[in-house]
Each structure stands twice: as C-alpha cells, then as structure tokens.
Amino acid sequence: MPTPIALVDVNNFYASCERLFRPDLKGRPIVVLSNNDGCVVARSAEAKAMGIKMGVPYFKIRGEYEAKGGIWFSSNYGLYGDMSHRVMTVLESMSPRVETYSIDEAFLELGETWAGNLIEYGLAIRAKVLQWTGLTVGVGIGPTRTLAKLANYAAKKWPQTGGVVDLRDETRRAKLMAITPVDEVWGVGRRLGARFNQQGIQTVADLVSSDTKTMRARYGVVVERTIQELRGHPCADLAIEPDAKQQIVCSRSFGERVTDRTTMYQALADYMARAGEKLRAEQRCCRAVSVFIRTSPFNGNEPYYGDQATTKLAVPTNDTRVLLHQIAHLLDMIWRDGYRYQKGGVMLGQFTPIENQQGDLFDTGSNDRLMEVLDKINNSGLGKVRFASQGLDQHEWLMKRERLSPGYTTRWEDLPVAK
DNA sequence: TCTGGGGTCCTAGGACCC
DNA sequence: TCTGGGGTCCTAGGACCC
C-alpha cells in the first residue's frame, strides 16, 4: 500500500485573497483579471454561480456582470505570492514532506502518525489554514497524486463532504469514477477529452477499465501513466525539491499596440533585464537567447505576423549587459514594419551551473560583482536601477492594471488599519 | 477599442557520427 | 542485382498544467 498523499488547494485563491482585505465585499461576485485586465483568471463562488467562465475576455461579459453587482480586480501577484507563502508555511508544519505544486496547491505525504484517521487530518489542515491565513482549502486524499487530485475535485463538487475526501477505499473510488466525466482527470485536457469521448470513453471508470496497451499505443506514455495512477499505482514521487528550471520566459501583451522598432526594442530590453534577474536567482548561466514578437492572433481584419529568433552564445553568461547586447541583431532578423504588434518576449535556455563556468579567454574581468550589486539594489525595495536601453520612462503604458488592490501584506504604506 | 503568463513533458524527424 | 544499424543531439510541434 503506497503512502497516502493529500492534495490541498485554496478555494478560489485570487478572488479569496482580494476579499480577505475587503470584508465589505462579502457575498458579492468577484473576478480577477489577467495582465492588461484581459481575461478572467479567477472567480469567487458567487461569480461562478453567475455562470462566468474561466478564461473569458472580460469585455465580453463586463456589461451584464457589472449590472448585476459584480466586482473586478487587476491581478496583484505580490499579494497572492505572499499569501501563498503563508499557506505553504502552515502546510509544512502539518507534514514533513510537502511538494509545492503551484501558487495555490501542494501535495503532502501523510505520515504514519495519522494513518487510518485521514479525514480528521484533513479537517485539521483546513482549520489551521483558516485560522492562520483566513483562507479556505479543500483536501483530497488518495494513494497516488492523480487520485488525490480526483478526491480534491470531489471535495469541491460536493459540499456535504465538508471539504475533505479520502479515496483510498476502492469501492468508494469506483462509485465516484462511474459518475465523473473523464475530462475532470488531471492530465486530460480539452483535446484528449474529446478524443476519448469519440472512442466511447465518457467517465473516469471507462478510462480506468480501458486496455492499457491499446491506450499507450494510441495516446502515448503520459496517458498510460495516468491510467496506472487512477488504478492506485504511483508513477511519480513527490518533487519536494523543485527541479532546476530549463527555460526562463519573460513576455507581456502590450497595453497598446506597438508599431515602431525603438519602442519594441525598449520593451524587449525591459523583459531581458527581468529574465537576467531570474537567471541569476536560479544560480545559472545560459547559452541560448531568443526573442519573439507577434501581432494579435484574434484580429481578423489584420494580417497575422509572428516570428522568433535565437542566438547561441559562445560563452554562457548571466550578465544582463551581454543579454541586452543580443537584442538588436535578433530583432533585426524578425522585425517587419507595418504591423501592429500585440506581444513580445524573450526566452533564455541551455542553462549551466554558475559555479563551473568555462572562463572566457578574452574576457576583461568578472562581472559578477556588478550584477550582484544591481540585484541587491533592485530587491531592496528602496529604488530601481535600470539600463539605458530599457528607456528612461517606466513604460507604465505597457500594461494596463486599472484596478490593482493595495499590497496589503507587502508594503508598509498599504498595511490595513484596524479600527 | 478590448482575448494572460509561465512553465512541463513527450514525440517525430532530421542531422550527424561511427 | 546491390545501399546497415545504432546512437546522440537538436528542433518543432502538440498536449497538458495552473
């Protein structure tokens, strides 16, 4: 019998974070929008009940939604990141082995202390997270991560479970699977779901009872693993230590269309500087540097254009100046006049550890100190040092965030005041 | 007017090597 | 007449996740 695993996630995470500091919004529908206030990326229970769909462009629902009293916020990742950290800290106090899976989810290995009493354990987790952070979590328990995910789905779907479901019992599992659509399974997205349906696989039970060999031949090894996990055979361990990143991407949709090369260059320089910071935080150097630009794929009235260009550095680097230096010739390779660009970005890849760098014979000296000082200043919260190529203005126009909530937990000036 | 950002893994095919 | 087999690395594309 494999060690039981719990999947714990925060209900309506972003929307709950916003409401945490705005008790006056209790009972009101809340949605949080993506960057540029584009799509709906999180919904409160009330907004879900109104039928607001995940990922829908906000302008399509705005009129009706606001007429019905709906509230919206721009994404406040500083706030969500900090609240996430608090939740994870509580979870780490409840289990010695925790895998942070996303900003609002974690897998916990359940030790012997709690064996046989896992519903109570789940309830204890909920109570403690609520008391310490004010956020409500759901808990799904099973012998594999995929089953823990499924249990978590059930805990959300049926409130009478009290927010905790244990799927270690096979009879219970079979009952749930028989009534759960196959596309609720972790790893089955829209496309696979549609192909399964076509093949007569409608429920999770249908998938579990399918022939493994046939499924592997038809859909590949990922689907085979999913089936094994649904049968209770673990195919992956908990990833307690996150794997080193294999690529770093910094990209944004623009608040306004970009039509001149100089502006595009500044935007890319801005992303590149950010990518360099992330690279150094990972303690890595990179060899591959790419930039990409594209017009909107949604605008039928304009021709679409998008392309990317990559260069391989002779010597791996994490020096922002070297990275910035690549932009001009990469942009030359793909820039076309006459288009209204909607998005641009940079990518870094082919990483090597920082400590065993091959020295550059012709290098005039190490730049480590400069980058270190730069990062320290920029992380101090006291001010920002920028490269000239990023432009002198702060390009606030690059991203729209019309309704950004305060940094309640991350800025002294924004601390909520108790009355 | 208005459609996110940042990742992962797998597979197939081509280049290249011995 | 007749044209290997096995391996690696890289890239592009497709699928998925939150």
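Parameters at a glance
- Residues numbered from 1 in each chain as written.
- Chains lettered and ligands numbered in written order.
- Predicted model: local features only at pLDDT ≥ 70, side-chain atom pairs only at ≥ 80, totals over all residues.
- Heavy atoms only, no water.
- Pairing = 2+ DSSP bridges.
- Helix = DSSP H or I, 4+ residues; strand = E, 2+ residues; numbered from the N terminus.
- Axes fitted to C-alpha atoms, helices over the stretch in contact; angles between N-to-C directions.
- Patch = residues over 30% accessible without salt bridge, like charges linked within 9 Å, V, L, I, M, F, W, Y side chains within 5 Å.
- Areas by Shrake-Rupley, 256 points an atom, 1.4 Å probe, with all protein chains shown as cover.
- Salt bridge = Lys/Arg side-chain N within 4 Å of Asp/Glu carboxyl O.
- Buried < 20%, exposed > 50% of the residue type's maximum accessible area, 1.4 Å probe, protein only.
- Near = heavy atom within 4 Å.
- Polar contact = N/O pair within 3.5 Å; in protein donor to acceptor, adjacent residues only side chain to side chain.
- pLDDT = per-residue confidence, 0-100.
- Nonpolar A, V, L, I, M, F, W, Y, C, P; charged D, E, K, R; others polar.
- Contact = heavy atoms within 4.5 Å.
- Arc of directions from axis to C-beta.
- Core = buried A, V, L, I, M, F, W, Y, C linked by side-chain atoms within 4.5 Å.
- Parallel < 35°, antiparallel > 145°, perpendicular 65-115°, else oblique.
- Left-handed = near helix turned anticlockwise from the far one by under 90°.

**A few points about the sheet that holds strand β8 (residues 164-166)**
Here's step 1: On the basis of which strands lie adjacent, the open sheet formed by five strands has the order β5-β6-β1-β7-β8 and mixed pairing. Lying at the two open borders of the sheet, with one neighbouring strand each, are β5 (98-102) and β8. Neighbouring strand axes in the sheet, compared pairwise and without regard to direction, differ in orientation by 15 degrees on average.
Here's step 2: For β5 and strand β6 (residues 105-109), the ladder comprises four bridges, and the chain directions are antiparallel. The residue bridging T100 from the neighbouring strand is A106, located in β6.

**Looking at a nonpolar patch on the surface**
Here's step 1: On the surface, V373, I377 and V385 cluster together into a nonpolar patch covering about 200 Å² of accessible area.
Here's step 2: Within the secondary structure, I377 sits in helix α14 (residues 368-379).
Here's step 3: Looking at I377, the relative accessible area reads 36%, which means it is partly exposed.

**Notes on the protein's contact with DNA strand C**
Here's step 1: Surrounding DNA strand C, one finds 14 residues, the nearest of these being S102, K149, R191, L192 and K312.
Here's step 2: Among atoms of DNA strand C positioned within 4 Å of the protein, sugar and phosphate together represent 100%.
Here's step 3: Within the side chain of K149, a nitrogen or oxygen atom sits 2.7 Å from a phosphate oxygen of DNA strand C.
Here's step 4: In this structure, L192 approaches DNA strand C through a main-chain N or O atom, which is 2.7 Å from a phosphate oxygen.
Here's step 5: Contributing elements (two or more residues each) for the surface near DNA strand C: β5 and α8 (190-198).
Here's step 6: Among the elements that line the surface near DNA strand C, the one with the most residues is α8, at three residues.

**Thoughts on the confidence of the model for chain A**
Here's step 1: Predicted confidence across chain A gives a mean pLDDT of 89, with 94% of residues reaching 70 or more.
Here's step 2: Looking at the elements of chain A, mean pLDDT is at its lowest for α14, recorded as 79, and at its highest for β8, recorded as 97.

**With respect to the protein's contact with DNA strand B**
Here's step 1: Lining the immediate surroundings of DNA strand B are 22 residues, of which S34, V249, S251, R252 and S253 lie closest.
Here's step 2: At the protein interface, 75% of the atoms of DNA strand B within 4 Å belong to sugar or phosphate.
Here's step 3: Between DNA strand B and the protein, one listed contact pairs a phosphate oxygen with a backbone N or O atom of S253 at 2.4 Å.
Here's step 4: Going through the elements one at a time, α11 (221-230), β9 (247-258) and β12 (341-353) are the ones with two or more residues in the surface near DNA strand B.
Here's step 5: Top contributing element to the surface near DNA strand B by residue count: β9, with eight residues.
Here's step 6: Of the residues belonging to the surface near DNA strand B, the class tally is nine nonpolar, seven polar and six charged.

**Concerning the packing of helix α10 (residues 212-219) against α11**
Here's step 1: At a closest axis distance of 7 Å, the pairing of α10 and α11 adopts a crossing angle of 145 degrees. Residue-level inspection shows T212, M215, R216 and Y219 of α10 in contact with α11, the latter providing V221, V223, E224, I227 and Q228.
Here's step 2: Here the residues of the contact of α10 with α11 are counted per class, giving five nonpolar, two polar and two charged.

**With respect to helix α7 (residues 170-179)**
Here's step 1: Residues of α7 that are buried include every one of R173, L176 and M177, and no others. An end-on view of α7 places all buried positions within 100 degrees of arc, on one side of the element. For α7, exposure combined with an orientation more than 90 degrees from the buried face picks out T171, K175 and I179.
Here's step 2: Turning to α7, the residues buried within the fold contact α6 (145-157), α9 (204-208) and α11.
Here's step 3: At the N-terminal end of α7, a side-chain oxygen is found 3.4 Å from the backbone nitrogen of T171, two or three residues along, and the residue is D169.

**What to know about the pattern of salt bridges**
Here's step 1: Throughout the structure, instances matching the rule amount to 19 salt bridges.
Here's step 2: With its nearest N and O atoms 2.8 Å apart, the salt bridge here joins E224 to R216.
Here's step 3: For E224, a relative accessible area of 18% puts it in the buried group.
Here's step 4: Judged by its relative accessible area of 43%, R216 falls in the partly exposed class.
Here's step 5: Each of R411, E413 and D414 takes part in a single network of salt bridges with overlapping partners.

**A look at the nonpolar core**
Here's step 1: One finds M264, L268, M272, I293 and L348 to be the most contacted residues of the largest nonpolar core, which totals 33 residues.
Here's step 2: Of all elements in the fold, only β9, α12 (261-281), β10 (284-295), β11 (306-317), α13 (320-334), β12 and α14 reach the threshold of two or more residues within this core.
Here's step 3: If one sorts the elements of this core by residue count, α12 sits on top with eight residues.
Here's step 4: By size, the runner-up hydrophobic cluster in this structure holds 30 residues, among which are M83, V98, L110 and I141.

**Let's talk about the packing of helix α4 (residues 77-92) against helix α5 (residues 118-133)**
Here's step 1: Where α4 contacts α5, the axes come no closer than 10 Å and their chain directions differ by 140 degrees. In terms of orientation, α4 and α5 fall into the oblique class. Considering the relative orientation of α4 and α5, their crossing is right-handed. Within the contact between the two elements, α4 uses M83, R86, V87, V90 and L91 and α5 uses I125, K128, V129, W132 and T133.

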